[in-house]
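# Observations on the model geometry
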Amino acid sequence: MDVNLFLQSIINGLVLASVYALVALGLTLVFGVLDIVNFAQGQLLLLGAYVVYGLSTKGVGYWTALPIVLVGSAALGYGLDSALFARVRKTPMNGLLISIGLIAIFGDVVQRVWGPDQYDVPQPITTVITVGSVRIPGARLLIVAVTILVLIALTVFLRLSRPGAAIRAVAQNSEAAALMGIPVERYRHIAFAVSAALASLGGVLLVAVFPVDPTLSDSPLLKGFIVLILGGAGSPLGAVLGALVLGVSEAFGIGYWSASGTQVLELVLLIVILYFRPTGLIRTAHEATL
Amino acid sequence: MTTLDQSPPLLEVKSVSKEFGGIRAVDDVSAEIFPGELVGLIGPNGAGKTTLFNLISGFAAPSAGTIVWKGADVSRLDAAGRARLGLVRTFQNARVFPGLTVRENLALGAHRFQAKPIHPEGRRWPLRRAEAHAAGNNVAEALARLGYENVAHAAAGVLSYGQAKRLGVAIAVMCQPSLLLLDEPAAGLNTDEVETLRQDLSIMTVSGITIVLVEHHMGLVMTACGRVIVLDAGRMIAEGPPEQIANDPAVIGAYLGA
Amino acid sequence: MTSAADRRQAVRKSGLVWLGAAVVIVAVGRSSNLEILNVGALTAIWALWSSSLNVVWGYGGDFSMAQIGLGAVGAYMEAVLVTHYGWPFWAALGGAVGAAVVVGFVIGVVAARLSGFYFSIMTLAFGLALLALVPTLAITGQSTGLPTNIAPGTIRIGGLEWNLASRRGGYFLLCALVLVVVLFLVARLVKSPRGRAMVAVREDPVLATSVAIDVGRTRLVAFVLGAVIAGIAGVLYGGYLGFIFPSLFTFSAIITMIVQVVLGGRGFLIGPLIGAAIYVVLTDWVRFGGQYSDGVFGLLLVVIILFAPKGLCGLGADAIDAFRRRREAGRAGTSLASGNQPGSGPTGTGPIAPASDDVGPHHSVVQTDGTR
């Protein structure tokens, strides 16, 4: 067996898993707290990627762009939820439809501003770590490292901070939370803002490795859904584990087999899981969702 | 069983239990319902009355025991299948098809008896006109009996709570049940509406429908029912004529929370 | 209660509407304006395609994202049968619909176990899998695609004759007549007990079960019916373009269809037609928004959901209801002095407007926001 290909596949798998995990975490947070399936999650990722590119053409470096994008997308998410999704709380289906409308809107904004071409963003890290005969680009390790840091930060936020506890309370029983004096609506906006920031972070991290183009978000969105279902909708731990499983197996599928075959196989996987265990493989019945 | 009825039971509940995560909502309940009866099923909140209804009507599967309908085991039959056999239930809340008209709601109750549409446009095929006519007449008759002619074309969603609740029962009756399981039909009704319900119950019984009535309205149960079954904490604690039940120390204890 | 005379009148009225539609179509079919004919044909095709979603979702309550994929199955099947196997058009159409039915049945059986957004994701997965698989087959021309070579023959109406494959009116006529026939059948279905059962399942599946409606089977029937309509629409779409290739059938097409159905009105017979007409006229004719029309329609979708979730037909039906209520309230003021007998108006504010199902063949269902 080719050790090089094997290690590359693992690294690539972790990179994919990181991005999928960020997208799926956002999806699962919004689903758990707001009961909305946000199809526009992929477009938020795309927007994040393009804004980093746009800023880089204006001379703003990657590390400066990162916080700008995170704050900007969080604000956008907060705004979208309070202006649009908050108006259709009673019918989650209409929330889903609004998010589908947003796909088209954001897709067009991106096309209008940046056109259909592919761009490279100057690499934030050009170091290549060599282990024996294996060369590991530092940017890929960066993606994985940043994602792990964010996951830890998110866990601390949800488990230990007061706003995090409030968000979990809203997710579990919004009526009881409201009775206890929690401003439910505001925490829903916050949850959406966090979710948008996670998606755009996925985009920011992707451009550290891949060029920017309008189809960049297609795959992560679909994979985000697969991970969401795989891990059990509403379960953050499930999202992370699901992303890990999917990302690594996808990287091996592409490395050792074919890309299109892997894609079809993943869709089949989604269908099979939905058929037999729509509540997810990883989440168990007694586990708390958020 | 206390009933001396010679005819075989319509429904037999045989040692039925239902567990939810270790809690026995229904615990080894056995009962028989005979044709023509109006049986009250009472008990404190959480006694397992609705769960028992779900088990009988097929909306939930028992953890143990069997449901026998007209001599045949129907434990594995789904809810729609049991309704087709004449085992029909209603729901606690005023459950109707809110976006459809009152007339359509009633017609849906009878939908499996209709070869052809309830709508004027659908009545053109001569062969089926007679059947369609009969079905249409049934719905018209039901509307007249309910006194709902002038709301026939209103969306059921705009009915008052009491009206919607009565419509819910009427939908089930349109399904031509042999046994009708009524889940708290009097809850939320005012005094006049309860009186109407009492009349409706006697009309249904006279027209040959056997009824099991889950109810908290004791006045209604004690006057309308011929026999009363009492559940507490999933177990059947008493059974008998209303006057006997009213004086049963176990029943009084259950209601007082002893 | 409607009297027998009312009923006869309603039958006559709806008959007139259908006849009128056919006359208008034939009249337009005689037009020599190619622009109008093309827009008309494309509108009819999209209306048909969107109607497939309307049946499954608008009436049945299941938000399916597989309709574009099912249309692609129909389009490719027809093209393969005609181009590679030399089948005549109508036989190939039958084959295409058969293929769509088989695929639709499989998807329906698997997806009918789920409801709500799980159903949507399941149908999306199937739809995308179809769109990913079809171009991998050598016989479908892979990413290049293949010609549809459509040749439906000619039609005579009175002394007039059209070549149905022709851009000069024939193809428009074919598409529009197919649309009218399908809408007519859907209208009949929706008023039949089975169609009512579909709507009942949408409204409340548990209550539907309690009155002996087989919810699973009803949903499956609706889905397969949607597949039939999507299959036909796919064939006509392929014929319209003359050549089909994978990038015609994408997620963006799914969005287009959703926009049309929501814009026109979910659960209204002519909702998809209105949505399709607006979409095609604005994008194909006026070229509204230029190459950015997607974003414009995305915006429209958001606006409609926020301010008129029942779509344009819903707005119309509400307006008619309000008008009737006002008119009957005026009448009631003079004649209904008999007091409040049981059941005389649910809210005590006077008689309720008749439900829209008797307004005409086009407002067949009172839609609620709660479409699952």
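Our focus in this paragraph is the overall build of chain C. Regarding its fold elements, chain C presents 13 helices and 4 strands. The buried share of chain C, reckoned over its 372 residues, is 58%. Sequence separation of at least 24 residues holds for 74% of the intrachain contacts in chain C that already meet a minimum separation of 6. On chain C, roughly 14000 Å² of surface is accessible, and the fraction owed to carbon and sulfur atoms is 65%.

In terms of helices and strands, chain A carries 11 helices and 2 strands. Secondary structure elements of chain A, listed N to C terminal, follow the sequence α-α-α-α-β-β-α-α-α-α-α-α-α. In terms of C-alpha radius of gyration, chain A reaches 19 Å, essentially the compact-globule figure of 19 Å for 290 residues. With respect to the principal axes defined by its C-alpha atoms, chain A has extents near 60 × 45 × 35 Å. Looking at chain A as a whole, 55% of its 290 residues qualify as buried. In chain A, the share of contacts with a sequence separation of at least 24, taken over all contacts with a separation of at least 6, comes to 77%.

Moving on, we come to the interface of chain C and chain A. Across the contact, 39 residues belong to chain C and 33 residues belong to chain A. Note on chain C versus chain A: buried area summed over both sides is about 3200 Å², and carbon and sulfur give 83% of it. Linking chain C with chain A are 0 salt bridges, by the criterion used here. Counting the contacts that link chain C with chain A gives 3 residue pairs in polar contact (both at pLDDT 80 or more). Secondary structure elements with two or more residues in the side of chain C that touches chain A: α5 (116-133), α10 (251-264) and α12 (293-307) of chain C. When grouped by side-chain class, the residues that make up the side of chain C that touches chain A number 29 nonpolar, 5 polar and 5 charged.

Residues and elements named next belong to chain A. Judged by side-chain polarity, V3, L5, F6, L7, Y256, W257 and L265 come together as a nonpolar surface patch covering roughly 650 Å² of accessible area. With 4 residues, the top contributor of residues to the nonpolar patch is helix α1 (residues 3-34). When you line up the elements, L7 lands in helix α1. Residue L7 is classed as partly exposed on the basis of its relative accessible area, which comes to 32%.

All names here are of chain C. Taken N-terminus to C-terminus, the directions of helix α6 (residues 170-191) and helix α9 (residues 215-241) make an angle of 170°; their axes are 11 Å apart at the nearest point. In terms of orientation, α6 and α9 fall into the roughly antiparallel class. On α9, the residues touching Y171, L174, C175, V178, V182, V186 and L189 of α6 are L225, I229, I232, V235, L236, G239 and Y240. Looking at the contact of α6 with α9 residue by residue, the class counts come to 13 nonpolar, 1 polar and no charged.

All names here are of chain B. The backbone of D28 sits at a positive phi, close to 55°, despite the residue not being glycine. Considering the arrangement of structural elements, one finds D28 in strand β2 (residues 23-33). What makes D28 partly exposed here is its relative accessible area of 41%.

Moving on to the environment of L19 of chain C. Checked against the element boundaries, L19 of chain C lands in helix α1 (residues 4-29). The sequence separation of L19 of chain C and L42 of chain C amounts to 23 residues, and the corresponding C-alpha distance is 22 Å.

All right, on to the confidence of the model for chain C then. Overall, the prediction assigns chain C a mean pLDDT of 82, with 85% of residues at 70 or greater. Below pLDDT 50 for its whole length, residues 334-372 of chain C participates in 104 contacts with residues either more than four positions away or in separate chains.

Here we take up the packing of helix α2 (residues 41-57) of chain A against helix α3 (residues 62-83) of chain A. Residue and element names in this part refer to chain A. Relative to each other, α2 and α3 sit at 140°, their axes nearing to 9 Å. The orientation of α2 with respect to α3, classified from their angle, is oblique. Crossing angle aside, the handedness with which α2 passes α3 is right-handed. Of the residues in α3, those touching α2 at L44, L47, G48, V51, V52 and L55 are Y62, A65, I68, V69 and L76. Here the contact of α2 with α3 is composed, by residue class, of 10 nonpolar, 1 polar and no charged.

Our next topic: the side chain of R219 of chain C. All names here are of chain C. Looking at the secondary structure, you find R219 in helix α9. A distance of 2.8 Å separates polar atoms of two side chains, one belonging to R219 and the other to D62. With near-sequence residues (within four places) excluded, R219 lies in contact with D62, A111, A112, L114, S115, F119 and V201.

Residue and element names in this part refer to chain B. Within the open sheet, the 6 strands sit side by side as β6-β7-β8-β3-β9-β10. Their pairing is mixed. Both edges of this open sheet fall to β6 (87-89) and β10 (235-240), since each of them pairs with a single strand only. Geometrically, the sheet is characterised by an average inter-axis angle of 20° between neighbouring strands, direction not taken into account. For strand β7 (residues 179-183) and strand β8 (residues 210-214), the ladder comprises 5 bridges, and the chain directions are parallel. Bridge pairing in β8 links L179 to T210. Packed onto the sheet, helix α6 (residues 191-206) meets β3 (38-42), β7 and β8 and runs at close to 150° relative to β8. Most of the contacts of helix α9 (residues 249-256) go to β10, to which it runs at about 130°, and overall it touches β3, β9 (227-232) and β10.

Attention now goes to helix α2 (residues 34-59) of chain C. Residue and element names in this part refer to chain C. Along its 26 residues, α2 runs 35 Å from first to last C-alpha, staying within 8% of the 38 Å computed at 1.5 Å per residue. Of all the 26 residues making up α2, 22 are buried; the element is thus mostly covered by neighbouring parts of the structure. With a side-chain oxygen positioned 2.9 Å from the backbone nitrogen of E35, the residue opening α2 is N33. Where α2 ends, the next residue or the one after it, G61, has phi of about 85°, a positive value.

Taking 1.5 Å per residue, 14 residues should reach 20 Å; helix α9 (residues 218-231) of chain A reaches 20 Å between its end C-alpha atoms and fits that length. Among the 14 residues that make up α9 of chain A, 12 are buried, leaving the element largely enclosed by the rest of the structure. Among the residues of α9 of chain A, P220, L221, L222, K223, G224, F225, I226, V227, L228, I229, L230 and G231 of chain A are the ones counted as buried. Residues of α9 of chain A that are buried make contact with α1, α2, α8 (184-206), α10 (236-256) and α11 (259-276) of chain A together with α5 of chain C.

Ranked by size, the top nonpolar core spans 262 residues in total, and within it F39 of chain A together with F117, F249 and I258 of chain C carry the most contacts. Not counting chain neighbours up to four residues away, the residues in contact with F249 of chain C comprise W49, I68, A72, A75, Y76, L131, Y237 and I244 of chain C.

Residues and elements named next belong to chain B. Pairing of strand β1 (residues 11-20) with β2 involves 7 bridges; the strand directions are antiparallel. Bridge pairing links L11 to I33 in β2. Pairing geometry for β1 and strand β4 (residues 64-69), over 5 bridges, is antiparallel. For E12, the partnering residue across the bridge sits in β4 and is V68.

Our focus in this paragraph is the sheet that holds strand β5 (residues 72-73) of chain B. Residue and element names in this part refer to chain B. The strand order across the open sheet formed by 4 strands is β2-β1-β4-β5, and the pairing between neighbours is antiparallel. If you trace the sheet from one side to the other, it starts and ends with β2 and β5, each paired once. Contacting β1, β2 and β4, helix α1 (residues 49-57) crosses the sheet at an angle of about 120° to β1.

All names here are of chain B. Structurally, G162 is set in helix α5 (residues 161-174). A sequence separation of 68 residues divides G162 from A94, and the C-alpha atoms of the two residues are 7.8 Å apart. With residues near it in sequence (within four places) discarded, G162 still touches L189 and E193.

Residues and elements named next belong to chain B. On inspection of all chains with the given rule, the structure shows 20 salt bridges over all chains. Measuring nitrogen to oxygen at the nearest pair gives 3.9 Å for the salt bridge that ties D183 to R89. Here D183, found in strand β7, pairs with R89, found in strand β6; they are 94 residues apart in sequence, far enough to count as distant. With respect to burial, D183 and R89 carry one shared label: buried. Between E239 and R227 there is a salt bridge, with its nearest N and O atoms 2.3 Å apart. Of this pair, E239 sits in strand β10 while R227 sits in strand β9, and the two are 12 residues apart along the sequence. On the basis of relative accessibility, which here comes to 18%, the residue E239 falls in the buried class.

Rules used throughout
Residues numbered from 1 in each chain as written. Chains lettered and ligands numbered in written order. Predicted model: local features only at pLDDT ≥ 70, side-chain atom pairs only at ≥ 80, totals over all residues. Heavy atoms only, no water. Helix = DSSP H or I, 4+ residues; strand = E, 2+ residues; numbered from the N terminus. Buried < 20%, exposed > 50% of the residue type's maximum accessible area, 1.4 Å probe, protein only. Contact = heavy atoms within 4.5 Å. Areas by Shrake-Rupley, 256 points an atom, 1.4 Å probe, with all protein chains shown as cover. Rg over C-alpha atoms; globule rule 2.2 N^0.38 Å. Buried area = accessible area lost by both parts, 1.4 Å probe. Salt bridge = Lys/Arg side-chain N within 4 Å of Asp/Glu carboxyl O. Polar contact = N/O pair within 3.5 Å; in protein donor to acceptor, adjacent residues only side chain to side chain. Nonpolar A, V, L, I, M, F, W, Y, C, P; charged D, E, K, R; others polar. Patch = residues over 30% accessible without salt bridge, like charges linked within 9 Å, V, L, I, M, F, W, Y side chains within 5 Å. Axes fitted to C-alpha atoms, helices over the stretch in contact; angles between N-to-C directions. Parallel < 35°, antiparallel > 145°, perpendicular 65-115°, else oblique. pLDDT = per-residue confidence, 0-100. Left-handed = near helix turned anticlockwise from the far one by under 90°. Pairing = 2+ DSSP bridges. Expected span 1.5 Å × (residues − 1). Core = buried A, V, L, I, M, F, W, Y, C linked by side-chain atoms within 4.5 Å.

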